[in-house]
Each structure stands twice: as structure tokens, then as C-alpha cells.
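For reference, the chains in residue letters:
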Amino acid sequence: MAKKLALRAIQGNSGGYYSLMAVLGALIALGLGAAYYMEHQGHHVTGMTNQIVWGMPHVFAVFLIVAASGALNVASISSVFNKSLYKPLAPLSGLLAAALLIGGLTILVLDLGRPDRLIVAMTYYNFKSIFAWNIFLYTGFLAIVVVYLWMMLEKRFNKHSSQVGFVAFVWRLILTTGTGSIFGFLVARQYYDAAIMAPLFILMSFAFGLAIFNIVVAVAYKGTQRPLGDVLVERLRKLLGIFVASVLFFAAIFHITNLYATEHHGVEGFILDGNNVYTGLFWVGFILFGSIIPLVLCLAPGFKKSLGAVLTASAMVIAGGLSQMYIIIIGGQAYPLELFPGKEVSSSFFDGVVNQYAPSLPEVALGLGGTALALFIVGFAVKVLGFLPESLANSEIDPHFGAGEAEGEEATGAASA
Amino acid sequence: MSEQTSKVNEYRRKFFGKAAATAAMVGLAPGVFLHTIARAKPADEPVSSEVRWGLLIDANKCADGCSECTKACNDENGLTGFGRPETDAQWIRKVTLKDKRTQHVTNLPLMCQHCANPPCVDVCPTGASFKRADGIVLVDKHICIGCRYCMMACPYKARSFVHETLTDQVPDVPRGKGTVESCTLCVHRVDRGDIPACVEACAASDNGAMLFGNLNDPNSDISKRLASEASTQIRGDLELDLGVRYQNI
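> If you had to explain the overall build of chain A to someone new, which residues and values would you point to?
The secondary structure content of chain A amounts to 15 helices and three strands. A compact globule built from 417 residues would reach a C-alpha radius of gyration of about 22 Å, and chain A, at 22 Å, matches this within 12%. Taking the principal axes of the C-alpha coordinates as reference, chain A spans close to 70 × 45 × 40 Å. Contacts in chain A between residues at least 24 apart in sequence constitute 79% of all its contacts with a sequence separation of at least 6.

Structure (C-alpha cells):
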């Protein structure tokens, strides 16, 4: 049995804390300003057009929503799979999941043509639309995570946390399936319309969510000078490695299946071997920086127990993840619709040509603003409520940790992942 | 009788005269108006699925360089651009096809295909994208939230998003910034018994490449032509059962 958990709110009165919150606050203000500008002027001031209808805000929003469900990993591993080592961090994991989802949804809503009609989206439903289902999946996820946090933080209800944790686990798998299906259900476009989008998004959520979680934990513990033991660091390192490898596997299957069918050779050539930004983002952003280097950092024995390696890998996974989102969302739209096979097509409405897109400043500001909102919520919550364990030192989180058992801990670490 | 009293009487006479004329107008005009539109569907009668409006377009008759249909559409629906082709709305566009092997060139107008199973309607979260019983696919501008998922889903790139503030809209054609729109098959004209503006303009240009009619009526011109001549649907592989059919592409 692990030692009794001591969760304590951080003091949050250091210069570093206030600087961080001020920067996040400024980014939120910029994002709101950008949203106002876009709505007031109309979307013509953005890089989005009638050809590229979803742009940079959607890259950020979908990334955050996907990462939100993955951020719940640590809590799920502790409650559902009963790994006590992760238990101290389960509340932070739930908090981060809710915060990232709020950040992502805020971007999505503020990018709508009519954000003032949010109430319409909440009262009119077309249940054949996966978008409509997602509205329930997202709000339901928030509600479940709040209850889950309550069960974890209120001692009297601790005994229910594993049941609620199980519901949250299943719900978030469905949620990411729903998010992936936004693209999987688009029959008309060459790069979408694939059932594998759903499992690919689930694995992407595991990797992106854990990457953000790792960075938040490190910043919180280094910033507050609380102990962070290398037992946990090593676990997080290996777990991230396995998730990154899984994403790579599903991405490989997606592309290999496409490459087999002649009808998809055009779009695959465009993404994998084109003279465009998407090919660069794919090989350099997603494969090299987002997958191969993090894999080495996470799995090579030379980086064992290295917090620096975990953090570098996490930052690269985030960069690779944003690249992957950009390729899926923007690249998928940039490739022309195949309306007349075997014909060269031209028109005044950009038929038959690769659609051009350049992200505009307001779009990026809105995306960063939503991200900052998520982190601001976390920063604020850990100050007012006891989300963070006082110590994550090896002896605190691993009851078996001791000089004689230092070797044995590795075997259980691999099994838990 | 004082001068003042006679002036008052004169005002009274004028007032009663005008009042009588107004009453006659109010009483009679609707009857006259109704008489003229009696041939169309009465306004209080719902549209019926017994009718399926459709178009047949003969690409061989669509002349190179002619843009009468797109001009007519823009005039009818008040689609004035802002000189920004990437974001300006286009409900109908002329598309030029060149066969990669034979170099044969074909022209055709492309617009919302008014699918029987429209992907835009499937994906719309609020139900703003909808299909009328008579097959016309429309956007309810009051519940469109501007998410653009329908534009992602449309196989024909038929939809436009209103990227900037509009003024001087045509009363029959509701449009507004932040919502999605597309060809309405000139529903306001069809409901009063007229044909879509593009079809009318094409006929007036003597090309006669477009034919409008009821696909459900076996005796309509369009049904007879479809029964006797070969036609095709763009991306027929998607099995969307299009309201717009093409020949010679």
C-alpha cells in the first residue's frame, strides 16, 4: 500500500508564477482580440477561404481536444488499471484534461461564423451529424471529469473513484473516436474517408496528452522546488515512447493502405512526395522530430531516468503532433477534389488546382490564446486547490523503492505501460 | 359658409376619396395578385415530395466563353463580389475540362447538385442544412452557426461561406456574414412557377444547354429526355442520387 497522499495547493506567490500567469493572460487577451477582429471584419481577414474552410484555429482546437482526452491517461492508468505509482498525479491529470478541452472548444466556438449562436448549437440537433454527437461527448466528458475529480479529492468518496474513472476512460475513447470520425466520415475528400482515422486519433491523443502532461508536471515541480523522483520520470519516458511508436504504426498503416489503391496515389504523392509545405512537415515535422527523435529519447537506455530527455521528447511530440494536424486538416483540403477523373479541370473557383493557404496572425493568435487559456486554468487551479502531491520523490510514490530493489522496479514499469 | 369651412369640406372630400381608393386596393389587389400566381403552388401549401426538381445540362451545348448563367445567378441572387476571388461567393461556376489523353475540351456549369442524400445535410450539426420535400437543398440562415462542416463534406465544392459584411441583399434571397450558402435552384422563382435564372439566361442565349423540370413527372420534358438519352451524374460512385444530371461529359 502506498503512503497516504498529501495533496497541497502551491503557494503561487513567486515572481515566476506571476510572470507565467501574466504571459498566459496576455496571450488570452490577444486571442480574444483576434476573435473579435475576425468576427467583426468577417473571415476574409484570415487565411481561410472558400477552398481552405478550416484553418489554423482548427489545427490548434483539434490538437487540444485530442490531447485533452489523452491527458487523462495518467488518471486512467491509476484508477482503471490500478497502478498505484500514478495515483498521486491522477487529480492533475483530470484537471489538465478538462482544461485542455475547454481551451480547444473555446477556439472552435470563437472561430464559428456566428459564435453568438452558440445557444442554437446547444438547442438544435441533427443526430446524423458526428458534430452534434461531439457536442454531447465534449460536454459529457467535462461533467464526468469534474465528478471524477470530486471523487478523487473528497476522501469520503475515494472508494468510488475507480468506477467513475472507468466511465471516464470509456467516455474518452468514444470522444476521440468521435473527433477522428469528423474526418473519417467525409466521403468526398481523397485524404479523409478512412475508418482508421478513429483509432489513429485515439493513439494520437495518448501521445499528445502525455507529452503536455509531462511538461506541466516538470514545470510545476521544478518551479515549486518540490521533489520529483526519477522513478516516475522513467515511467513517463517509457510510456511516451510506447505511445509515439503506436501513433507511428497507425500512421504507417493509414498511408500504406492508401498507397495500395491507385485512386489515392495522387493525394499520397501530394503529401509524401510533393513540392509543398505538407511534405516537409510530414518528413521533418512528424516523422523526424515528432517520432524518430522522441523514440530514441524515450527508449534508448542512454537516456534512462533523464528528465531532460523526457521534456525534449515531449516538446518534440507536441511539435510533431501540430505538424500532423496541419497535414491532416490543411493538407487534406489543399488537395483538389477529384470530380472528373482523367480530366484537367479549371474554373474561376479554383477547381483542379492545389489550394493555397497561409496562416494569418489572428488565426495563430486565437489558437495560442486557447492554449494559454487551458494552461491558465491549470495554473490557477493548482494554486487554489490541492491538486499536486507535496512530493513525487521515489520513496513517496513507490512503496517498494529501496536500495536493494532499485533493479526490480524496472520490470513493473514496463508491465504497466 | 365661411371660407374656412369650405376648405375643411374640401379636405374631407379628398380624404374620403383617398380612403375609398385605398380600401379598394386593399380589398381587390390580393385577389388580382393571387389570380396571377394561381398557376404556381399556393403559398400556404407545403412543398410536396410528389415533385422532384432537377436540371439536365448538355455540356456539348455549353459554349466556350459564355457566362450568361453565372451572370444571371449573380444578378438574381445579389451576389456582388469584393474583388477577392478566394473568398467571394460563387453559387454557379463555369468549369472547363480537358481530357488528359485526347485533349478534348468540354465546358459545363457546376453548382449545388441537389442530392437526394446530401452529405452537407448529414454532417450539419444544427440541421441548418436541409432538403425540402421537392428535393431542393437549402441552408436555414437562422440556425446556421457558420461551422463550415458542410463545405468540408460537399463533394462538389458547391458552397460558399460569407466572409464579409453584406449590404443591399435581394429581399427574396436571405444572406448574411458568417453563414454558409449555395445555389437554391432559385427556390423563390420556382415557388412562384418560374424557372431558375441560370436556365432562363441559358435559353435566352440560344445555347439551350440547361433544362429544368420535375424529375418525378414522367411526362415532363426533362424526364422524357432522361428516358431517351444517355446522361450521367458527377461522382455517381457516391450514389447520392443527384438532382442535376449531365450529358456529353
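Structure's up, so let's keep going.
> Quick one: what's the story with the sheet that holds strand 9 (residues 244-247) of chain B, residue by residue and with numbers?
Residues and elements named next belong to chain B. Read from one edge of the open sheet, three strands run 8-1-9, paired in mixed fashion. Lying at the two open borders of the sheet, with one neighbouring strand each, are strand 8 (210-214) and strand 9. Between one strand axis and the next, the sheet turns by 20 degrees as a mean value, whatever way the strands run. The sheet contact formed by strand 1 (residues 53-58) and strand 8 spans five bridges and is antiparallel. Pairing of Trp 53 across the sheet is with Asn 214, part of strand 8. Strands in contact with helix 7 (residues 221-228) are strand 1, strand 8 and strand 9; relative to strand 8, the strand with the most contacts, it is inclined by about 110 degrees.

> With reference to specific residues and values, describe the packing of helix 9 (residues 230-260) of chain A against helix 11 (residues 277-299) of chain A.
Residue and element names in this part refer to chain A. The interhelical angle for the contact between helix 9 and helix 11, taken along N-to-C directions, is 150 degrees, at an axis separation of 8 Å. Put simply, helix 9 runs roughly antiparallel to helix 11. Considering the relative orientation of helix 9 and helix 11, their crossing is left-handed. Across from Arg 237, Lys 238, Leu 240, Gly 241, Val 244, Ala 245 and Leu 248 in helix 9, the residues of helix 11 making contact are Ser 291, Pro 294, Leu 295, Cys 298 and Leu 299. Tallied by class, residues from the contact of helix 9 with helix 11 come to eight nonpolar, two polar and two charged.

> A description of the environment of Leu 337 of chain A should follow, citing residues and the corresponding values.
Tracing the sequence through the fold places Leu 337 of chain A in the loop between helix 12 (307-334) and strand 2 (343-347). Expressed as a C-alpha distance, the spacing of Leu 337 of chain A and Gly 16 of chain A, which sit 321 residues apart in the sequence, is 50 Å. For Leu 337 of chain A, the contacting residues outside a window of four places in its chain are Ala 188 and Arg 189 of chain A together with Pro 155 and Lys 157 of chain B.

> Which residues make up the interface of chain B and chain A, and what values do they have?
Contacts between the two partners involve 45 residues from chain B, matched on the other side by 37 residues from chain A. Listing elements by their share of the side of chain B that touches chain A, those giving two or more residues are strand 2 (92-99), helix 3 (119-123), helix 4 (149-153) and strand 6 (160-161) of chain B. Here the element with the most residues in the side of chain B that touches chain A is strand 2 of chain B; it accounts for seven residues. For the side of chain B that touches chain A, the residue count by class is 21 nonpolar, eleven polar and 13 charged. One ladder, built from five bridges, connects strand 2 of chain A with strand 2 of chain B; its direction is antiparallel. Note on strand 2 of chain B: the bridge partner recorded for Val 345 of chain A is Leu 97 of chain B.

> Give me the lowdown on helix 11 of chain A, citing residues and values where you can.
At Leu 288 of chain A, helix 11 of chain A is bent by approximately 40 degrees, the largest bend along its length. Looking at the buried residues of helix 11 of chain A, the elements they touch are helix 9, helix 10 (265-272) and helix 12 of chain A.

> Please set out the nonpolar core residue by residue, giving values where relevant.
Residues and elements named next belong to chain A. Of all hydrophobic cores here, the largest spans 200 residues; its most connected members are Leu 96, Leu 100, Ala 207 and Leu 240. In terms of residue count, helix 8 (residues 197-223) provides more of this core than any other element does, 17 residues in total. Discounting chain neighbours no more than four positions away, the residues touching Ala 207 are Gly 70, Leu 240, Phe 243, Val 244, Val 247, Val 317 and Gly 321.

> So, the pairing of strand 2 of chain B: which residues are in play, and what are the values?
Residues and elements named next belong to chain B. The pairing of strand 2 with strand 3 (residues 105-111) spans seven bridges and is classified as antiparallel. Within strand 3, the position partnered with Thr 96 by the bridge is Asn 107. Between strand 2 and strand 3, which pair antiparallel in sequence order, lie five residues; one of them, Gln 103, sits at a positive phi of approximately 65 degrees.

> Quick one: what's the story with unusual backbone geometry, residue by residue and with numbers?
All names here are of chain B. For Gln 103, which is not glycine, the phi dihedral falls at a positive 65 degrees. Here Gln 103 shows up in the loop between strand 2 and strand 3. For Gln 103, a count of 8 C-beta atoms within 10 Å puts it in the exposed group. For Asp 168, which is not glycine, the phi dihedral falls at a positive 55 degrees. With respect to the element layout, Asp 168 can be found in the loop between strand 6 and strand 7 (180-181). Asp 168 gets classed as exposed once you count the C-beta atoms within 10 Å, which come to 6.

Parameters at a glance
- Along each chain, residues carry numbers from 1 onward, in the same order as the chain's sequence is written.
- To read the labels, note that chains go from A and ligands from 1, taken in the order they are written.
- Where local features are concerned, this predicted model is filtered to residues with pLDDT of at least 70; where side-chain atom pairs are given and counted, the filter is 80 or more; whole-chain, interface and lining totals use all residues.
- Only DSSP runs of H or I reaching four residues or more are called helices, and only runs of E reaching two or more are called strands; each is numbered from the N terminus.
- Radius of gyration means the value over C-alpha atoms here, while the globule rule gives 2.2 Å times the residue count to the 0.38 power.
- Contact between two residues is assigned whenever their backbone-derived C-beta positions fall within 7 Å.
- At least two DSSP bridges between two strands are required for those strands to pair.
- With axes taken as lines fitted to C-alpha atoms, and helix axes fitted only over the stretch in contact, angles between N-to-C directions fall between 0 and 180 degrees.
- Angle categories: roughly parallel below 35 degrees, roughly antiparallel above 145, roughly perpendicular from 65 to 115, and oblique for all the rest.
- Note on convention: the crossing is left-handed when the near helix lies turned anticlockwise from the far helix by less than a right angle, right-handed when the turn is clockwise.
- Note on residue classes: Ala, Val, Leu, Ile, Met, Phe, Trp, Tyr, Cys and Pro are nonpolar, Asp, Glu, Lys and Arg are charged, and everything else, Gly too, is polar.
- At any given residue, the bend is defined as the angle formed between two axes, one fitted to the seven residues that end at that position and one fitted to the seven that begin there.
- Think of a nonpolar core as buried Ala, Val, Leu, Ile, Met, Phe, Trp, Tyr and Cys residues, each tied to the set through C-beta atoms within 7 Å.
- Partly exposed residues are those whose C-beta has more than 12 but fewer than 20 other C-beta atoms within 10 Å; with 20 or more the residue is buried, with 12 or fewer it is exposed, and the C-beta atoms are placed from the backbone.

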